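# Commentary on secondary and tertiary structure
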Amino acid sequence: MFRNQYDTDVTTWSPAGRLFQVEYAMEAVKQGSAAIGLRSKTRVVLACVNKSTSELSSHQKKIFKVDDHIGVAIAGLTADGRVLSRYLRNECINYSYTYESPLPIGRLVVQLADKAQVCTQRSWKRPYGVGLLVGGLDESGAHLYYNCPSGNYFEYEAFAIGSRSQAAKTYLERKFETFKDSSRDNLIKDALFALRETLQGEKLTSSVCTIAVVGVGEAFQILNQETVQGLINEFEIVGEELPPADEAAPPEQGSGAESGPSAAEQGAAPMDI
Amino acid sequence: VTNSAPSMINLIGSESDSQRTLYPYVTGTSVVGIKYKDGILLAADMGGSYGSTLRYKTVERLKTVGKHSIIGASGEISDFQEIMRNLDELILYDNMWDDGNSLGPKEVHNYLTRMMYNRRNKFNPLWNSLVLGGVKNGQKYLGTVSMIGVHYEDNHVATGFGNHLARPLLRDEWHADMTFEEGVKLLEKCMRVLLYRDRSAVNKLQIAKITEEGVTISQPYALKTFWNFSAFQNPTAGAEGSW
C-alpha cells in the first residue's frame, strides 16, 4: 500500500469506497507473529509462535483465557489485544453472574465485533490493531471465530493470522476436512504441524510456541511446556535442518539430511524460501 | 444534599415514601410446583385479593416464559405484570439473536433473582414470591425467588401459605418420576387443603405443565369440596357464645 490523500482519518472514505486507516490496521495484524486456530465438533485448539525482542526478555503473552469455555489468541498490537481480552473477560463474567450460565461464544464475538466497529466510525478513535482468534463453546458445540480490526468477524474450521500465516493456511486447507471428528491428540498434532510451517526452517520446540485447548467437558487451559515438548517429540515434528552450506553443522547432519527429504515427503508442505 | 436528590429518594422521609413500595394492594396467594417424570407441574388459583376482599377471580398467575420455562407468581399482581414485561423483553432479545442458543429455566431464574435482589437493595421491592420451572435438553429445573432475593431450587416448591400447608404433604408424598396423573392428583390435594384453610384462596384454579415438548396451561376449573365433616358441624358446640 502507498500513502494517499484519503488515509489520514478513519472517517474519510476514498473515492473507491475504502477506509484506508482500517486497512492499515489490518496490516498491523499481518506484522504480528503467527497465531493458529482449528476446531473439531467438540474442541478448539489455539496455537501461536512466541516472539521475544531479545534472549534476555520473556516473550509476549498471546493466548488469553477468557472464561472456562472460551480462549483467544491474538496477533498484532498486543497491548490492544490485552485490552480487548479484558473486555471479553468482563462480558463473560457479567453474563455468568446474571444468568449462572456461560456466555455463548457466538454472542460474545458479535459484541466484540460491534466494539471494533465503533472505532471505525469515530474521528477521535483509531481501530484496534489486533486480530483475535476466538475459540470456545456454545450450545451447539465448539466454534472458532476470527475478529478483524474492521469490525468483521467470521467463523472458521481452521485459520491462521500474523506473519507467514499463509504457509500455515496452506497446510490447514489441505487437512481441514479431517478436523471435524478428529481426536484431541490429532487436533493438537495438526496445530503443531501448521505452526511449524510458519517457522520457515527454525526448529519447533516448546519454548518457541504456546498451545491451548478448550472443549466440551474440558475447561480452557494453556498446555505446559513439558507437555508440548512431549507432544512435539511424539509426533516427530522437528524443523528441517539448516541448509548443508552451513559449515558449522555437526557430523550428525549427514544422516539428518538424508532423513530430511523423507520427512518433508511425509506431510509437510514445501516452504516458500 | 436535599431529600429529592436521585440517590436519596428511596431512602428516607415520608415524602420519599410515595416513591417506593411499602405494602401490596392486589395480591395472589400460594403457588405450588413439583417435578414429575416428564417435566414440571405448577398450580395456582385465579384469585386477586384486595386486602381481605376476594375481589378478582380471573387473575392468571401462571405464565410461560420463552420455550423452556413457566412462572407462577404470588404477591402484588401489578408487580407481577411488571416482571412479565421484563421477562418478555428478555426473551424477545434472546430470540432475536436467532443463533440456536436460548435462555433456559436456570438462566431465567437467575435473572429474576438478580432483579428481585437489586430492587430489595434499593428498598423498593417487587412484592412477589415467584416459582420458576422448566425443562431444557432433558434437564428439569424448579426454583423459587422471594421479594428479598432468597432463591433456591428443589423437587417441590411453594410460596406463601403453600410453604406451610402444601410442602409437608409434598415431603411425604412426592417421589421421583411421578406420572402426570399422580402429579396432578398430588397438586390438587395440596390446593384443596389450601382452599379449606387459606382465607385468600378461591375455588378456581389452573394447572400448568411444561415438558421438553412444550407448555400447556389448563382451563380454569374448580375442586370438589366437602363440608360435612363432623368437626365442621356445630363448630361452637364446645364454646357457647363464640362464632
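Residues numbered from 1 in each chain as written. Chains lettered and ligands numbered in written order. Predicted model: local features only at pLDDT ≥ 70, side-chain atom pairs only at ≥ 80, totals over all residues. Heavy atoms only, no water.

By the naming in an unreviewed UniProt entry, chain B goes by Proteasome subunit beta and is assigned to Penstemon davidsonii.

Formally: UniProt positions are given in the numbering used here, feature names are shortened, and annotations may be inferred rather than shown by experiment.
An unreviewed UniProt entry lists chain A under the name Proteasome subunit alpha type, with Penstemon davidsonii given as the organism. What UniProt states about chain A under its Subunit (unreviewed entry) heading is, verbatim, "The 20S proteasome core is composed of 28 subunits that are arranged in four stacked rings, resulting in a barrel-shaped structure. The two end rings are each formed by seven alpha subunits, and the two central rings are each formed by seven beta subunits." The record in UniProt for chain A states the following under Function (unreviewed entry): "The proteasome is a multicatalytic proteinase complex which is characterized by its ability to cleave peptides with Arg, Phe, Tyr, Leu, and Glu adjacent to the leaving group at neutral or slightly basic pH."

## Description of the overall build of chain B
Which entries qualify depends on this criterion: In DSSP terms, a helix is any run of H or I states spanning at least four residues, a strand is any run of E spanning at least two, and both are numbered starting from the N terminus. Note that the radius of gyration is over C-alpha atoms, with the globule rule given as 2.2 Å times the number of residues to the power 0.38. Partly exposed residues are those whose accessible area sits between 20% and 50% of the maximum for their type, while under 20% is buried and over 50% is exposed, using a 1.4 Å probe and protein chains only. Any two residues having at least one pair of non-hydrogen atoms within 4.5 Å are treated as being in contact. All accessible areas in this document rest on Shrake-Rupley with a 1.4 Å probe, and a residue is counted as covered only by the protein chains that are shown. Two residue types count as positive, namely Lys and Arg, and two as negative, namely Asp and Glu; His and chain ends fall outside the count. A single reference atom marks each charge: NZ on Lys, CZ on Arg, CG on Asp, CD on Glu.
Each helix and strand in chain B was counted, giving five helices and 13 strands. At 20 Å, chain B has a C-alpha radius of gyration in line with the 18 Å of a compact globule built from 243 residues. Taken across its 243 residues, chain B has 45% of its residues classed as buried. Partitioning the intrachain contacts of chain B with sequence separation of at least 6 by distance along the chain shows that 61% fall at a separation of at least 24. When the accessible surface of chain B is split by element, carbon and sulfur atoms take 51% of a total near 12800 Å². Side-chain charges of chain B comprise 26 positive and 26 negative groups, with the mean position of each set lying 4 Å from the other.

## Observations regarding the sheet that holds strand E2 (residues 31–35) of chain B
All names here are of chain B. Keep this limit in mind: For two strands to pair, DSSP has to find at least two bridges joining them. With axes taken as lines fitted to C-alpha atoms, and helix axes fitted only over the stretch in contact, angles between N-to-C directions fall between 0 and 180 degrees.
Strand order in the open sheet made by the five strands is E11-E2-E3-E12-E13, with antiparallel pairing throughout. The open sheet has two edge strands, strand E11 (156–158) and strand E13 (215–217), and neither has a second partner. Going from strand to strand, the sheet's axes swing by 10 degrees on average, the running direction of each strand aside. Sheet strands in contact with helix H4 (residues 161–173) are E2 and E11, and its direction is about 165 degrees off that of E11. The strands touched by helix H5 (residues 180–197) are E2, strand E3 (39–45) and strand E12 (205–211); relative to E3, the strand with the most contacts, the crossing angle is about 25 degrees.

## Considerations on the UniProt feature "domain: Proteasome alpha-type subunits" (unreviewed entry) in chain A
As annotated by UniProt and renumbered to match this structure, "domain: Proteasome alpha-type subunits" (unreviewed entry) occupies residues 6–28 of chain A. In this annotation, residues 6–28 of chain A is assigned 39% helix and 0% strand; the end-to-end C-alpha distance for the span is 19 Å.

## Examining the interface of chain B and chain A
This is how it is decided: By buried area we mean the combined loss of accessible area, with a 1.4 Å probe, across both parts when two parts are placed together. One speaks of a salt bridge when a side-chain nitrogen belonging to Lys or Arg is within 4 Å of a carboxyl oxygen belonging to Asp or Glu. Residues adjacent in sequence count toward polar contacts only when both atoms are side-chain atoms; beyond that, a polar contact is any pair of N or O atoms within 3.5 Å, and within protein one must be able to donate a hydrogen and the other to accept it.
With 15 residues of chain B in contact, the opposing surface of chain A contributes 11 residues. For the chain B face of the interface with chain A, the top three residues by lost area are Trp97(B), Asn101(B) and Arg114(B), together amounting to 44%. Across the chain B-chain A interface, the total number found is three salt bridges. For Asp94(B), the salt bridge goes to Arg107(A), with nearest N and O atoms at 2.6 Å. Linking chain B with chain A are 11 residue pairs in polar contact (both at pLDDT 80 or more). Elements with a minimum of two residues in the side of chain B that touches chain A: helix H2 (77–97) and helix H3 (105–121) of chain B. The dominant element in the side of chain B that touches chain A, judged by the number of residues it contributes, is H3(B), at five residues.

## Quick notes on the packing of aromatic side chains
Inclusion rule: Aromatic rings from Phe, Tyr and Trp, taking only the six-membered ring of Trp, are treated as a pair when their centres fall within 6.5 Å; an angle between ring planes under 30 degrees marks them as stacked, one over 60 as edge-to-face, and anything in between as tilted. Working rule: Lys NZ or Arg CZ, within 6 Å of ring centre, within 35 degrees of ring normal, means a charge sits over the ring.
The tally for this structure, following the rule as stated, stands at 12 aromatic pairs over all chains. A centroid spacing of 6.1 Å and a plane angle of 25 degrees characterise the contact between Tyr171(A) and Phe193(A), whose relative ring orientation is stacked. With Tyr171(A) in helix H4 (residues 165–175) and Phe193(A) in helix H5 (residues 184–198), this pair connects stretches of sequence that are 22 residues apart. Summarising the burial analysis for this pair, Tyr171(A) and Phe193(A) share the class buried. Across the ring face of Tyr50(B), the terminal group of Arg55(B) is positioned such that the distance to the ring centre comes to 5.5 Å. Between Lys209(B) and the ring centre of Phe180(B), over which it is positioned, the NZ or CZ distance is 5.2 Å.

## Let's talk about the environment of Val59(B)
Considering the arrangement of structural elements, one finds Val59(B) in the loop between strand E5 (53–56) and strand E6 (62–65). Val59(B) sits 11 residues away from Gly48(B) along the chain, and the two C-alpha atoms are 6.1 Å apart.

## Comments concerning a nonpolar patch on the surface
To keep things clear, this is the line we draw: Note that patches include only residues with greater than 30% relative accessible area and no salt bridge, and the join distances are 9 Å for like charges and 5 Å for nonpolar side chains (Val, Leu, Ile, Met, Phe, Trp, Tyr).
A cluster of nonpolar side chains, contributed by Leu22(B), Tyr23(B), Tyr25(B) and Tyr50(B), occupies part of the molecular surface with about 440 Å² of accessible area. Note on placement: Tyr25(B) falls in the loop between helix H1 (14–17) and strand E1 (26–28).

## Things to note about the pattern of salt bridges
Where charged atoms of side chains with opposite charge meet at close range, the side chains can pair. Tallied over the full model, the rule gives 19 salt bridges over all chains. When the shortest N-O distance is used, the salt bridge between Arg18(A) and Glu23(A) registers 2.9 Å. Residue class for Arg18(A) comes out partly exposed when judged on its relative accessible area of 36%. In this structure, Asp154(B) engages Arg167(B) in a salt bridge whose closest nitrogen and oxygen atoms are separated by 3.1 Å. With Asp154(B) in the loop between strand E10 (151–153) and E11 and Arg167(B) in helix H4, the pair connects residues that are 13 residues apart, well separated along the chain. Accessibility expressed as a relative area gives 29% for Asp154(B), which makes it partly exposed. Connected through salt bridges with shared partners, the residues Arg39(A), Glu155(A) and Glu157(A) form a single ionic network.

## Details of the side chain of His109(B)
Following the sequence through the fold, His109(B) ends up in helix H3. Within the local environment of His109(B), its side chain forms a polar contact with the side chain of Tyr141(B), the two groups lying 2.7 Å apart.

## Some remarks on empty space enclosed by the protein
Formally: A pocket here means an open set of points on a 1 Å grid, computed over the protein atoms alone, that has protein on both sides within 12 Å along at least five of seven lines. A cavity is instead a set of points where a 1.4 Å probe fits but cannot get out; residues with an atom within 4 Å of a point line either one. Grid points are joined across faces, edges and corners, and a volume is the space filled by probe spheres set on the points. Three classes are used, and their members are as follows: Ala, Val, Leu, Ile, Met, Phe, Trp, Tyr, Cys and Pro are nonpolar, Asp, Glu, Lys and Arg are charged, and the others, Gly among them, are polar.
In this structure the tally under the stated criterion is two cavities of 30 Å³ or more. Of the pockets and cavities examined, the largest cavity occupies roughly 80 Å³. Every residue lining the largest cavity is counted, 14 residues in all, and those nearest its centre are Asp45(B), Met191(B), Leu195(B), Ala201(B) and Val202(B). Here the residues of the lining of the largest cavity sort into seven nonpolar, three polar and four charged. Each pocket or cavity is described by its volume, and for the second largest cavity that value is around 40 Å³. Around the second largest cavity, the lining residues are Leu84(A), Leu112(A), Ala116(A), Tyr128(A), Val130(A), Leu132(A), Asn147(A), Cys148(A) and Pro149(A).

## Observations regarding the packing of H4(A) against H5(A)
All names here are of chain A. Put simply, the rule is: By convention the crossing between two helices is left-handed if the near helix lies anticlockwise of the far one by an angle smaller than a right angle, and right-handed if it lies clockwise.
Where H4 contacts H5, the two axes come as close as 7 Å, and the packing angle between them is 145 degrees. For the element pair H4 and H5, the recorded crossing hand is right-handed. Along its contact with H4, which presents Ser165, Ala167, Ala168, Tyr171, Leu172 and Lys175, the element H5 presents Asp190, Phe193, Ala194, Glu197 and Thr198. Residue classes in the contact of H4 with H5 are distributed as six nonpolar, two polar and three charged.

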